[in-house]
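# Report on the structure
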Amino acid sequence: MAVIENAVEATAVAQPPTDKPIINDFAIVVATANGTGSQTANMALLRAIFKMGVPVNGKNIFPSNIQGLPTWYHIRVSQDGYTARRETNELLVAFNETTIYQDVRDLPPGGLCLYNADFRSLPTRDDVTMVGIPVRPFVAESGLKGKLGDYIANMVYVGAMAYLLGVPLAKIDEALDVHFKQRRKFVDSNMAVVRAAYQWANDNIVYNSLYRVEPMAATAGKMLITGNEAAALGAVFGGVSFAAWYPITPSTSLIDALNDYLPRLRRDPETGQATYAVVQAEDELAAIGMILGAGWSGARAMTATSGPGISLMAEFAGLGYFSETPAVIWNVQRVGPSTGLPTRTGQGDVLFTYYLGHGDTLNVILFPASVAECFEFGVTAFDLADELQTPVFVLSDLDLGMNNWMTEPFAYPEQPMNRGKVVTAADLQRDGRFARYLDVDGDGIPYRTLPGNPHPLAAWFARGTGHNEHAVYSEKPQDWENNMLRLRRKFETARQLVPDPIIQEEADAAFGIIAFGTTQYAIDEARDRLAKQGVATGFMRLRGLPINDDVRAFIGRYERLYVVELNRDGQIHKILQTEAPEQAARLVSLAHMDGLPLTARWVVEAIAAQEAGRKEQTSDD
Amino acid sequence: MINETKRGKENKLGLTLKEYKGLPSTLCNGCGHNSIANQIVQVAYELDIEQHTILRMSGIGCSSKSPAYFLGGSFGFNSLHGRMPSIATGALMGNHSLHAIGVSGDGDTGSIGLGQFKHMVRRNVRMVYVVENNGVYGLTKGQFSATADEGQVLKYAGENEFPPVDLCMEAIVAGAGFVARSFSGDAKQVRELLKAALHFNGTAVLDIISPCVAFNNADTSTKSYGYGREHEAPLHDFGWVPPAEEIELNDLEPGETRLVEMHDGSFIRLQKLEEAYDPGNKIAALSRLQTAHDNQEFITGLIYLNESRPTLAEVNRMVATPLAQLGEEVLRPSRQALAALLTEF
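Thresholds, definitions, all that
Residues numbered from 1 in each chain as written. Chains lettered and ligands numbered in written order. Predicted model: local features only at pLDDT ≥ 70, side-chain atom pairs only at ≥ 80, totals over all residues. Heavy atoms only, no water. Helix = DSSP H or I, 4+ residues; strand = E, 2+ residues; numbered from the N terminus. Rg over C-alpha atoms; globule rule 2.2 N^0.38 Å. Buried < 20%, exposed > 50% of the residue type's maximum accessible area, 1.4 Å probe, protein only. Contact = heavy atoms within 4.5 Å. Areas by Shrake-Rupley, 256 points an atom, 1.4 Å probe, with all protein chains shown as cover. Pairing = 2+ DSSP bridges. Axes fitted to C-alpha atoms, helices over the stretch in contact; angles between N-to-C directions. Buried area = accessible area lost by both parts, 1.4 Å probe. Salt bridge = Lys/Arg side-chain N within 4 Å of Asp/Glu carboxyl O. Polar contact = N/O pair within 3.5 Å; in protein donor to acceptor, adjacent residues only side chain to side chain. Nonpolar A, V, L, I, M, F, W, Y, C, P; charged D, E, K, R; others polar. Right-handed = clockwise from strand over helix to strand, strands pointing away. pLDDT = per-residue confidence, 0-100. Parallel < 35°, antiparallel > 145°, perpendicular 65-115°, else oblique. Left-handed = near helix turned anticlockwise from the far one by under 90°. Patch = residues over 30% accessible without salt bridge, like charges linked within 9 Å, V, L, I, M, F, W, Y side chains within 5 Å. Expected span 1.5 Å × (residues − 1). Phe/Tyr/Trp six-rings, centres within 6.5 Å; stacked < 30°, edge-to-face > 60°. Lys NZ or Arg CZ within 6 Å of the ring centre and 35° of its normal. Core = buried A, V, L, I, M, F, W, Y, C linked by side-chain atoms within 4.5 Å.

Attention shifts here to the overall build of chain A. If you tally the helices and strands in chain A, you get 20 helices and 23 strands. By the compact-globule yardstick of 25 Å for 621 residues, chain A fits well, its C-alpha radius of gyration being 27 Å. Relative to its 621 residues, chain A shows a buried fraction of 61%. Within chain A, residue pairs in contact and separated by at least 24 positions form 76% of the contacts whose partners lie at least 6 positions apart.

Encoded structure:
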């Protein structure tokens, strides 16, 4: 069995200065103050590199406030297509005076710092190149004051970075054209500043940057989109007709996107009549209440929230489960408990959501890992909710939801919508009988009628209290037990309906890795690094709960499996141990939490430490 | 033939009164809630309502059991404590061709559900919202609710130290367009108010004092039968006239009777008992409620009426077809629409 000797792979730490240029393989961090409009500048730089055909990923590492506090934007440029966060950023744009000492300290030797020359004092480092750029004259030249002046100031670093990295101005123009949705007035005014700064850099900076972007053809036909936008698009093409929500970071932009797409696609331009409704509720309790009401009446209904909202929805989640009402709940996870780190990312809501509701509640969960899956699950979540007649939770996270990711264009959903077992008046006329909670097919899923169905047999009374097969109130022990066992049977059916895991296996794999969601990217990279050291691994990415036979079989094929996730207690590890108890001893939890997206370095080091410990133990024996 | 004679009188749909009933009540004998349920049955029968067009909605509590006891042919949802408004809102957005009768209690609406109540009223969801108000928690055996009288003493709960929440005032302040108070012992008034409420285009709030015979029926309580019978002071004689019915002007005496036309062509007929009272004036309505509170009066009738607000479905400009009945061809935009959207990224 191969053992990893050198955990920290050499490229993970920065190289000392060399004369050899580093092409398309480095990371940039832009430090600004929150609320200064730096997002446009960051996106312009990110998208321009993307437009050069170079794989790139941007992550906004931002504080929980409205304005003024430090915020950092990480851009990873990777010819190999890696998109995970790196711990090291070789290039720094220091446009926040309050953090410049810290930001410069974090640069590796050989790094470059582009700073605002107006700052009063500067840290000194001999092994870092410091380039000051006079921002004030550009702002003065633009004639813009106040907030607009701030925005323009940020475009100054875009121009200077474009010069230093070798990004053609035409690519910045293309990027801004996308950003401003072809409103050329905005593009032109921003480009004027970018051009001036580019020219200034050309005339004044003598440093010959080691870090360069050179055109590739790796992003042709792809697009950049956030997970929340993708999820909203998926919901629209999944047929959402009712959404109720309460604002909460990081889920808000999902509903913002719905509020952008739905009026364009589902409102008659002439009459103004809509085939949808979006209601901003007074709180999360009302939001889920409304979507359960709408789901009961037969509409495709959804909400989007984050951890604190999920906890408020607990009682309704139980009602939805027990009354067997379809609804879709997106939980774009942030870090708890309580308010926790409200603008940081994590995967800490898994256990809570899986069992959300008092008594014996079990919820179906989907785990998207990419923007493409946000779109796909935007559709499938509705089909599953209708098919299983239960609330379906989709657990995304802040990293996926709010950051821009590369993707192939989304495929149009080819499968017709699955509305599940809905009985019409004509069906009732033919069958001559109806019992709302009768397990006719043995799969635990009963048939339902929708309110308004005029057939005399159709009406039934939904309730959170005990009921028999006819939905009539009952406290009879046998009725209760029968119903709860049927619900359990329905959950067994759900195992076969949730998306299968994605499995990648190597011959002679030393061990297996299990993960879900956005940790995949750090793990992909970590596995490549391990492979270079001769350590082959198997990988399974869960895409939903409850687990199915494929998951059990994968676990069964490995002597040990590392379960990687972003929380303290190893929540999916616990669920897997519970659901596959005979294999529990094989599962090793590698849970990590710091509020930031996972890095490959952490994964490699954590696995190496485990493997080394294991080796030690073996030799002690 | 024998069956026919037993059936009783049929309405225009060919249904008898009995066919509008629900399950037998499990509430206490003499509970005011039963009387209200009976009036709902009577009204639905008289108005020839097709039961499948009505949703029965409730939260938790004695009152919220009521919907099981009327309109057994209707779909219903007995939801969570205080959360009926959100379920009803969603259900009626999913299918806005339906109407709903929601039944709630003073604990359900005035305490745990005050927020949802006020926000539903604010949104003007088209439904009848009945509060069966007895000032006490019956199902948990006798705690004060938020509408209990200040200074009132109950056997287990002791003395109530706090002023009552006036749900009519709360509804008016929140923007309700139809706010009435009544007494479950006044069957005729309850019936006429229910009819008018069913024809109101928005949230119609009926705060009906409905005595709890088990825990709050001492004559000292303003929520008791004794107090109600003794003190009920109607603001007007209240009547409702269906859209198709000719207005009998010979009934009316100028200056004393007022007709208010509803959006569907029906009329509310108010025969004034209090000369100065105008249910169209929001400030006057609030003022009258405050005076009643100060003087320990039990005023009943239509306290406030404003038909000008659009409903939630109207604000959202929803198509005539209910969302729940839209087909895939409407719900899923085209392949071209997706392709066009994706060019934006």
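From this point on, the discussion continues.
As a further point, take the overall build of chain B. When its secondary structure is counted, chain B shows 13 helices and 15 strands. The C-alpha radius of gyration computed for chain B amounts to 21 Å, which stays within 12% of the reference 20 Å derived for 345 residues, consistent with globular compactness. Considered along the principal axes of its C-alpha atoms, chain B spans approximately 70 × 50 × 50 Å. By the burial criterion, 57% of the 345 residues in chain B qualify as buried. Within chain B, contacts between residues separated by at least 24 positions form 70% of all contacts whose residues are at least 6 apart in sequence. Accessible area for chain B stands at about 14,100 Å²; split by element, carbon and sulfur atoms hold 52% of it.

Residues and elements named next belong to chain B. Across the sheet, which stays open at both edges, the 3 strands sit in the order β12-β14-β13 with antiparallel pairing between neighbours. Sheet topology places β12 (236-241) and β13 (257-261) at the edges, where each strand pairs with a single neighbour. Across the sheet, the mean angle from the axis of one strand to that of its neighbour is 20°, orientation sign disregarded. Where β13 lies against strand β14 (residues 267-272), 5 bridges are found, and the strand directions are antiparallel. Its bridge partner lying in β14, Glu261 is registered against Phe267. Packing against the sheet, helix α8 (residues 187-198) makes contact with β12 and β14, and its axis sits at approximately 45° to β12.

How big an interface is tends to be stated in terms of accessible area lost as the parts join. Taken together, the contact pairs 73 residues of chain A with 50 residues of chain B. Summing both partners gives a buried area of about 5,100 Å² for chain A against chain B, and 66% of it is carried by carbon and sulfur. Counting across the interface, chain A meets chain B through 3 salt bridges. The partner of Arg123(B) in a salt bridge is Glu282(A), and the shortest N-O contact between them spans 2.8 Å. Applying the counting criterion to the chain A and chain B interface returns 16 residue pairs in polar contact (both at pLDDT 80 or more). By residue number, the principal contributor to the side of chain A that touches chain B is helix α9 (residues 284-297) of chain A, which donates 9 residues. Across the side of chain A that touches chain B, the residue classes tally to 42 nonpolar, 20 polar and 11 charged.

What follows concerns the pairing of strand β22 (residues 561-565) of chain A. All names here are of chain A. Burial of β22 is extensive: 5 of the 5 residues sit out of reach of the surface. Residues Leu561, Val563 and Glu565 of β22 are buried on one face, and the alternating residues Tyr562 and Val564, pointing to the opposite face, are buried as well. Relative to β22, strand β19 (residues 511-516) runs parallel, the two being bridged by 3 bridges. Its bridge partner lying in β22, Ile513 is registered against Tyr562. Two strands pair when backbone bridges link them, and β22 and strand β23 (residues 587-591) are joined in this way by 5 bridges, in the parallel orientation. Residue pairing in the sheet places Val564 in a bridge with Leu590 of β23. Crossover handedness for the path β22 to helix α19 (residues 571-579) to β23: right-handed.

In this section: the confidence of the model for chain B. Taken residue by residue, chain B gives an average pLDDT of 93. The fraction at 70 or more is 96%. We note a pTM of 0.95 for the whole complex and an ipTM of 0.96 for its interfaces.

Relative placement of two packed helices is described by the angle separating their axes and the distance separating the axes. All names here are of chain A. Between helix α5 (residues 169-179) and helix α6 (residues 184-204), the least distance of the axes is 9 Å, while the angle of their chain directions is 150°. Relative to α6, the element α5 lies roughly antiparallel. Helix-helix and strand crossings are classified by hand; for α5 and α6 the assignment is right-handed. Seen from α5, the contacting residues are Leu169, Ile172, Asp173, Leu176 and Asp177; seen from α6, they are Arg184, Val187, Asn190, Met191, Val194, Arg195 and Tyr198.

What follows deals with a nonpolar patch on the surface. Together, Leu144(A), Leu148(A) and Tyr151(A) line one region of the surface with nonpolar side chains, adding up to about 240 Å² of accessible area. Note that Tyr151(A) resides in helix α4 (residues 146-165).

Next up on the list: the sheet that holds strand β11 (residues 277-280) of chain A. All names here are of chain A. Read from one edge to the other, the open sheet built from 7 strands follows the order β11-β10-β12-β13-β15-β14-β21, with strand pairing classed as mixed. With partners counted over all chains shown, the strands left at the sheet margins are β11 and β21 (544-545), one partner each. Note: strand β14 (residues 364-366) against β21, 2 bridges, orientation antiparallel. What sits directly across from Leu366, in β21, is Gly544. Each of β12 (301-305), β13 (327-333), β14 and β15 (391-397) touches helix α13 (residues 371-388); the most contacted strand, β13, lies at about 140° to it.

Let's shift gears to helix α16 (residues 477-497) of chain A. Think of an α-helix as turning once every 3.6 residues; residues three or four places apart then point the same way. Between its first and last C-alpha atoms α16(A) spans 30 Å; for 21 residues at 1.5 Å apiece the expected length is 30 Å, and the two agree. Against the buried residues of α16(A) lie α11 (314-323), α12 (350-354), β14, α13, α18 (549-556) and α19 of chain A.

This next bit is on the environment of Met155(A). One can find Met155(A) in helix α4. Apart from residues no more than four positions distant in its own chain, Met155(A) is found in contact with Ala41(A), Ala44(A), Leu176(A), Asn190(A), Val193(A) and Val194(A).

Next up on the list: the side chain of His573(A). Position of His573(A) relative to the elements: it lies in helix α19. According to the relative accessible area criterion, His573(A) is buried, its value standing at 9%.

What follows is about the pairing of β12(B). Residue and element names in this part refer to chain B. Burial runs high along β12: 5 of the 6 residues are buried. Looking at chain direction, β12 and β14 are connected through 6 bridges and run antiparallel. Note on β14: the bridge partner recorded for Asp237 is Gln271.

Glancing now at the packing of aromatic side chains. Evaluation of the coordinates by the stated rule reveals 21 aromatic pairs over all chains. Among the aromatic side chains, those forming a connected cluster through ring pairs are Phe237(A), Phe375(A), Phe410(A) and Tyr412(A). The ring of Tyr473(A) has Lys65(B) sitting right over it, with the charged end atom 5.7 Å from the ring centre.

With that settled, the discussion passes to the confidence of the model for chain A. Keep in mind that low pLDDT regions are not for reading the predicted coordinates in detail. Model confidence for chain A is summarised by a mean pLDDT of 94, while 97% of its residues fall at 70 or above. This stretch, residues 1-16 of chain A, has a pLDDT under 50; its non-local contacts, to residues over four places away or in other chains, come to 38 contacts.

For the rest of this paragraph, the subject is unusual backbone geometry. Residue Thr249(A) is joined to Pro250(A) through a cis peptide bond whose omega torsion reads 5°. Mapping Pro250(A) onto the fold places it in the loop between β10 (242-245) and α8 (252-265). Of note, the bond from Leu545(A) into Pro546(A) is cis; its omega dihedral lies within 30 degrees of zero at 5°. Positive phi, close to 55°, is recorded for Gln296(B), a residue that is not glycine. Locating Gln296(B) in the fold gives a position in the loop between α10 (282-294) and β15 (298-305).

Before going further, it helps to spend a moment on the pattern of salt bridges. Counted by the stated rule, this structure contains 51 salt bridges over all chains. Notably, a salt bridge pairs Arg486(A) with Glu324(A), separated by 2.5 Å at the nearest N-O pair. Here Glu324(A) lies in the loop between α11 and β13 and Arg486(A) lies in helix α16, a separation of 162 residues in the sequence. Classification of Arg486(A) as buried rests on a relative accessible area of 3%. Arg258(B) is paired through a salt bridge with Asp278(B); the nearest N and O atoms lie 3.0 Å apart. With Arg258(B) in strand β13 and Asp278(B) in the loop between β14 and α10, this residue pair connects regions lying 20 residues apart in the sequence. Residue Arg258(B) is classed as partly exposed on the basis of its relative accessible area, which comes to 31%. Taken together, the shared-partner salt bridges in this structure form one network comprising Arg300(A), Asp383(A), Asp386(A), Arg419(A) and Arg448(A).

So, about the nonpolar core. By size, the foremost hydrophobic cluster in this structure holds 176 residues, and its most contacted members are Leu233(A), Phe242(A), Leu258(A), Met302(A), Ile514(A) and Leu542(A). Top element by residues in this core is α13(A). It accounts for 9 residues. Leave out the neighbours within four places in its chain, and Phe242(A) touches Ala277(A), Val279(A), Met290(A), Ile291(A), Ala294(A), Arg300(A), Ala301(A), Met302(A), Gly90(B), Met93(B) and Leu323(B). Counting 57 residues, the second-largest nonpolar core is a separate cluster that includes Ala41(A), Ala48(A), Phe95(A) and Ala201(A).

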